[in-house]
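# Understanding the architecture of this molecule
Listed below are the residues making up each chain.
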Amino acid sequence: MTQKKFKETVYTYYKKNKRVLPWRKTQNPYYIWVSEIMLQQTQVDRVVPKYKAFIKEFPTIKSLAEASLKDVLIAWQGLGYNRRAKLLHLGANYIQKDLRGKFPKENIQAVPGIGPYTEGAIQAFAFNVAKPIIETNIRTVYTHHFFAHQDNVSDKDILLLIEKTLDTENPREWYWALMDYGSHLKKSGIRINNKSKHYTKQKPFKGSDREVRGAIIRELAQGGSVENVFPERKNQVAKQVQNLVNDKLLIRKKGK
């Protein structure tokens with residue numbers, strides 16, 4: 001498939017099937033940042049109501065920075081991977097204190113918790129700046145059309161194609177189109193995980209440390225006690241309590 005035909009295919013699908021998502025109705029970099037952090041390892045349908053509630057509770061960087069970590073974690077409940085909420089809170093504090101509350105347009109990775117993909121996504125969706133970025137849906141699209149008969153496909157190779165096919169005039173719309181088309185491909189049964197060099201199969205949630213960590217945060221946020229969390233798995237709970245303390249998601253005071 002030629003690059004021209006490829007772009008026509010993506011845009012044709014998108015124009016007929018574009019998703020209406022709340023973070024696509026804004027160019028506020030703070031709101032887009034929140035959505036991108038929430039969307040990491042979490043499905044869109046779960047993110048939409050949590051995003052709306054979170055933005056309502058913390059409508060500005062200042063309000064998020066001034067909130068307690070406990071309040072942020074409570075608002076985050078249901079999304080999992082609570083470390084993301086902590087980094088979002090840490091990043092808001094950095095912007096408020098070090099950047100006088102103004103979200104940066106350049107060197108965005110200086111903000112705690114923001115990596116290369118998130119920086120590129122914010123630049124595209126907030127500022128319409130064209131930079132090559134890759135996430136799961138985009139990876140699906142390029143692998144399906146350009147690497148269908150290859151295994152062990154590297155993101156580095158995909159990024160070269162992403163750069164060549166970038167819509168430099170409107171990267172915002174182009175990346176929306178890629179993501180919607182990629183989501184469609186996956187729902188159609190196209191799976192490329194086993195072709196990606198970077199794919200690691202996620203372990204089941206039931207019985208995992210992730211399940212325990214989430215339960216601990218949820219219980220304590222509601223004023224409960226660690227003793228109520230999986231009493232039949234005391235050793236695992238104790239280990240994850242210590243890990244949460246190490247991650248500064250919990251504070252131990254007077255043995256509690």
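Our subject in this report is the structure included herewith. Because the structure is a prediction, the values reported are computed rather than measured.

### Re the packing of helix α8 (residues 136–146) against helix α9 (residues 155–164)
- Between α8 and α9, the shortest axis-to-axis distance is 10 Å and the interhelical angle comes to 85°. Compared by their axis directions, α8 and α9 come out roughly perpendicular. Across from Ile138, Arg139, Tyr142, Thr143 and Phe146 in α8, the residues of α9 making contact are Asp155, Ile158, Leu161 and Ile162.
- Here the contact of α8 with α9 is built from residues that sort into six nonpolar, one polar and two charged.

### A short note on the layout of surface pockets
- The space that makes up the second largest pocket amounts to roughly 680 Å³.
- Every residue lining the second largest pocket is counted, 23 residues in all, and those nearest its centre are Leu220, Val226, Leu250, Ile251 and Lys256.
- Broken down by secondary-structure element, the contributors of at least two residues to the lining of the second largest pocket are α5 (69–76), α11 (209–221) and α12 (234–246).
- In terms of residue count, the dominant contributor to the lining of the second largest pocket is α12 (five residues).
- Residue composition of the lining of the second largest pocket, by class: 15 nonpolar, two polar and six charged.

### A few points about unusual backbone geometry
- A positive phi angle, close to 55°, is found at Arg100, a residue other than glycine.
- Within the secondary structure, Arg100 sits in the loop between α6 (83–98) and α7 (116–127).

### Things to note about the nonpolar core
- Within the largest apolar cluster, 72 residues are counted, with the highest numbers of intra-cluster contacts made by Tyr30, Trp33, Phe54, Ile138, Tyr142, Tyr175 and Leu178.
- Here the element with the most residues in this core is helix α10 (residues 171–187); it accounts for eight residues.
- Not counting residues up to four positions away in its chain, the partners in contact with Trp33 are Leu88, Gly91, Ala92, Ile95, Phe103, Val111, Ile114, Thr118 and Ile122.

### Comments concerning the packing of helix α2 (residues 29–39) against α6
- Viewed as axis vectors pointing N to C, α2 and α6 meet at an angle of 160°, and their least axial separation amounts to 10 Å. Accordingly, the angle class assigned to the pair α2 and α6 is roughly antiparallel. In this structure, the crossing between α2 and α6 has a hand that is right-handed. Of the residues in α6, those touching α2 at Trp33, Val34, Ile37, Met38 and Leu39 are Arg84, Leu88, Gly91, Ala92 and Ile95.

### Examining the pattern of salt bridges
- The final tally for this structure, using the stated rule, is eight salt bridges.
- The residue Glu173 makes a salt bridge to Lys18 at a minimum N-O spacing of 3.6 Å. You can see Glu173 sitting in helix α10 and its partner Lys18 sitting in the loop between α1 (3–17) and α2, a full 155 residues away along the chain.
- By relative accessible area, Lys18 is classed as partly exposed at 43%.
- Where Arg213 meets Asp247, a salt bridge forms, and the shortest distance between an N and an O atom there is 3.0 Å. One end of the pair, Arg213, is in helix α11; the other, Asp247, is in the segment after α12, and 34 residues separate them in sequence.
- Sharing partners across several salt bridges, the network here consists of Arg19, Arg24 and Asp180.

Definitions and limits used
- Residues numbered from 1 in each chain as written.
- Predicted model: local features only at pLDDT ≥ 70, side-chain atom pairs only at ≥ 80, totals over all residues.
- Heavy atoms only, no water.
- Axes fitted to C-alpha atoms, helices over the stretch in contact; angles between N-to-C directions.
- Helix = DSSP H or I, 4+ residues; strand = E, 2+ residues; numbered from the N terminus.
- Parallel < 35°, antiparallel > 145°, perpendicular 65-115°, else oblique.
- Contact = heavy atoms within 4.5 Å.
- Nonpolar A, V, L, I, M, F, W, Y, C, P; charged D, E, K, R; others polar.
- 1 Å grid on protein atoms, 1.4 Å probe; cavity = no way out; pocket = protein on both sides within 12 Å on 5 of 7 lines; lining within 4 Å.
- Points joined across faces, edges and corners; volume = space filled by probe spheres on them.
- Core = buried A, V, L, I, M, F, W, Y, C linked by side-chain atoms within 4.5 Å.
- Buried < 20%, exposed > 50% of the residue type's maximum accessible area, 1.4 Å probe, protein only.
- Left-handed = near helix turned anticlockwise from the far one by under 90°.
- Salt bridge = Lys/Arg side-chain N within 4 Å of Asp/Glu carboxyl O.

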